[in-house]
Amino acid sequence: MKIYYTDVLVIGGGLAGLRVALATKRRGHETTILSLVPPKRSHSAAAQGGMQASLANVIKASGDNEDIHFDDTVRGGDWGADQEVVRMFVDTAPKAARELAAWGVPWTRVAKGDHETVINGQKVIITERDETHGLISQRNFGGTSKWRACYVSDGTGHAMLYAVSDQTIAASIPVLERVEAMALLHDGGRCFGAVVRDLVSGALSAYMAKATVIATGGAGRLYRVTTNAVICEGIGAAIALETGLAPLSNMEAIQFHPTGLFPSGILITEGCRGDGGLLRDVDGHRFMPDYEPEKKELASRDVVSRRMLDHIHGGKGVKSRLGEHLWLDITLLGRAHIEKDLREVQEICRNFLDIDPAKDLIPVLPAQHYTMGGVRTRPSGESPGLAGLFAAGEAACWDIHGFNRLGGNSVAETVVAGMIVGEAIADFCDQPQSDVTMSTVLAHDFLAREEAKIDALLRGAGTEDASLLRIRMQEIMTEKVGIIRTGATLAAAVDELQTLLIRSRNIGVRTKSRGANSELVTAYRTQKMLKLALCVTCGAVSRTESRGAHFRDDFPRRDDAAWLKRTLAVWKNENDTLPTLVYEPLDVMRMELPPGWRGYGAKDYIVHPDTARRTAEIEAAKNRLTNADRFAVQAAVMPYTHLLPERLRGRNERIEGSL
Ligand SMILES: Cc1cc2nc3c(=O)[nH]c(=O)nc-3n(C[C@H](O)[C@H](O)[C@H](O)COP(=O)(O)OP(=O)(O)OC[C@H]3O[C@@H](n4cnc5c(N)ncnc54)[C@H](O)[C@@H]3O)c2cc1C
């Protein structure tokens, strides 16, 4: 079993991992990327609709800036987000979009003059300004007050991933494909890399590093119906959890996307509704305005998904032999628009249902889509529990999304976090004390432990079938830990998942090959996934309130007095059957935007005792600074620029107004 050294070990070759790797390599640190699949096949390639960045190019984005993007994101997350990190994010997103343009992302561009578009079900003409002709165009998305999502037709992630991947090739960063990080190397206080399995040969090796980054994406495959690819199993988050030191955070915050294609769950982008698509029921009635008169189809995803289920439960679903669904209607956008800006949607509809969305309604039902939780990090991206371990992208809880992510904020997060966290890692590696001090003896112990686990699966007398345990887990998660949750069903889910976890300790494998062996892979991943499922479910049963995507039928109000805190889950001992939960409070007195009504969804919530005092404090600061610009006012209320790497502190230029 070999041991390799690198300065920075990046686990994950999606947008987040690749962008981190570019940042560290450019600062002179030897960087190695690991990936289950060739990076260009990472799940980031599936992102369709767009990337949020407040460029304010199109007329419907007029007046947009970081402040409005901040406001939308905090409200979207139902006040669960870390507001300082949201500020860092919204400030860097325009820089990231422009960097991507320079790297060749063929963003759809503004064309000056009149354009017919659909807004609120009506055809209207909008006129783009001459001076914006050729700039990056933007479309509307849910939960935003401006058209802010930069896009490449409906293949945004594909274009971004190819451009960033090409940059890593140009930078000569080695990528090890078809390998899997199975455990983190650490000495109880510092992380020093990972035990890595070659998925083809089955060989194990240790990669020792000064800094290790988890950028392994989401965990959608905990659920049966998900928009996520088969590789989105959350193994990166699980190996952090298994250290017993690095907490996962807000795992109960799982996003369900309103428009999963029924019945498969394949995503139909929010860009459809952003561009004017409507949701209809069994009678052809457009129902969202009845529930959400302000935002209608473009309320946040958690709200729209819940309203859809309520509507189905109210008897208005479309019955089919596979269950009930609703309709997405994009016929009113016209064939030309669909063929230009929604062509992947057209292909998906044709290939999977043999329907033509330019004339047929699309059957849709909410499907699991995004993991807001993940490896808890500080603003620098470092784990608060394990020095030298960093996380970025969907695998991380950095935490800009709180309890509900806005569409387009995820691919933006991947590249922005890559830029910011990458610089922090480079700073970390620059320090002499970051040297690898763990002994190779200890690394061999970790290797031997993982080898023994594989031996036990291949040679042991286990009788449980991992794929059956996994299917049952996915059913439990879909049926009991879904959009509408109750204490009793969540408690039942915890019991069942705990039983599955115990049974998973007796998994046997029929195919005995050490090399390419998908049964073996399923076997060792299933136990990790069950631990994650228990983090989601235990977090959900304990959180006796409703916030963002976590909706409790038995506690329907958001409770800022009791629950303005982040759930941290730690798996203390290998033999435990439940995570240990602790809570990290969110301090209202440090918030730039104290909790209030989101502007959509429920108006009824329990107020935090500090909210009035903080609101008054902010008002007083604003009154003191009546002649100051928005940057000075913001800095007085919640300073954050000190958290940004110096090279990213510049202000963003827009066509309207000077800096
Ligand atoms: C269908 C779909 C459409 C979407 N559309 C949008 C959109 O329009 N806008 C938006 O903002 N967001 C969108 N999202 C969300 C967004 O695409 C993802 O959140 C984001 O791309 C995740 O990027 P990532 O780099 O964190 O992870 P990924 O792109 O998932 O990459 C994870 C990487 O980790 C590797 N990996 C995993 N486990 C291991 C391991 N144990 N060892 C080694 N390597 C490992 C994988 O091989 C992969 O390279 C969409 C999501 C889906 C599912």
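Residues numbered from 1 in each chain as written. Predicted model: local features only at pLDDT ≥ 70, side-chain atom pairs only at ≥ 80, totals over all residues.

Engineer: Would you explain the packing of helix α12 (residues 440-459) against helix α15 (residues 518-542) in this entry?
Structural biologist: What describes two packed helices is the angle between their axes and the distance between those same axes. As a packed pair, α12 and α15 sit with axes 11 Å apart at the nearest point and diverge in direction by 120 degrees. Looking at the two axes, α12 sits oblique to α15. Classified by chirality, the crossing of α15 by α12 is right-handed. Where α12 approaches α15, its residues Lys-453, Ile-454, Leu-457 and Leu-458 are matched on the opposing element by Leu-520, Ala-523 and Tyr-524. (Axes fitted to C-alpha atoms, helices over the stretch in contact; angles between N-to-C directions. Helix = DSSP H or I, 4+ residues; strand = E, 2+ residues; numbered from the N terminus. Parallel < 35°, antiparallel > 145°, perpendicular 65-115°, else oblique. Left-handed = near helix turned anticlockwise from the far one by under 90°. Contact = placed C-beta atoms within 7 Å.)

Engineer: Could you clarify how one ought to interpret the sheet that holds strand β18 (residues 374-376) in this entry?
Structural biologist: Adjacent strands of a sheet pair through backbone hydrogen bonds, lying either parallel or antiparallel. Across the sheet, which stays open at both edges, the 5 strands sit in the order β20-β18-β12-β24-β25 with mixed pairing between neighbours. The strands lining the two open edges of the sheet, one partner per strand, are β20 (396-397) and β25 (580-585). (Pairing = 2+ DSSP bridges.)

Engineer: Explain the environment of Val-607 to me, please; I cannot follow it from the model alone.
Structural biologist: With respect to the secondary-structure elements, Val-607 resides in the loop between β26 (605-606) and α17 (611-624). Val-607 sits 45 residues away from Ala-562 along the chain, and the two C-alpha atoms are 9.3 Å apart. Here Val-607 is in contact with Asp-560 and Ala-561, once residues within four sequence places are set aside.

Engineer: Whenever I open this one, the packing of helix α1 (residues 15-26) against helix α4 (residues 156-170) confuses me. Can you help?
Structural biologist: It is at 9 Å that the axes of α1 and α4 come closest, and there the two elements cross at 30 degrees. Between α1 and α4, the interaxial angle falls into the category roughly parallel. You can see that α1 and α4 cross each other, and the crossing is left-handed. Taken together, the residues of α4 that come into contact with α1 (itself represented by Leu-15, Leu-18, Arg-19, Ala-21 and Leu-22) are Met-160, Leu-161, Val-164, Ser-165, Gln-167 and Thr-168. Taken together, the residues that form the contact of α1 with α4 break down as 7 nonpolar, 3 polar and 1 charged. (Nonpolar A, V, L, I, M, F, W, Y, C, P; charged D, E, K, R; others polar.)

Engineer: Sorry if this is basic, but what is going on with the site of the ligand here?
Structural biologist: Around the ligand lies a shell of 49 residues, among which Gly-12, Gly-14, His-43, Gly-217 and Gly-393 are the nearest. Of all the elements in the fold, those that place two or more residues in the shell around the ligand are α1, β2 (31-35), α4, β9 (179-186), α5 (235-241), β17 (362-371) and α11 (409-430). Looking at which element gives the most residues to the shell around the ligand, the answer is α11, with 5 residues. Of the residues assigned to the shell around the ligand, the class counts are 20 nonpolar, 27 polar and 2 charged. (Near = placed C-beta within 6 Å.)

Engineer: I would appreciate a short explanation of the domain arrangement of the chain in the present structure.
Structural biologist: The extent of an interface is frequently quoted as the accessible surface area lost upon association of the parts. By the assigned domains, the chain splits into domain 1 (259-365) and domain 2 (440-585). Of note, the centres of domain 1 and domain 2, computed from C-alpha atoms alone, are 32 Å apart. Residues belonging to the side of domain 1 that touches domain 2 are distributed by class as follows: 1 nonpolar, 1 polar and 2 charged. (Domains from an automatic or database assignment.)

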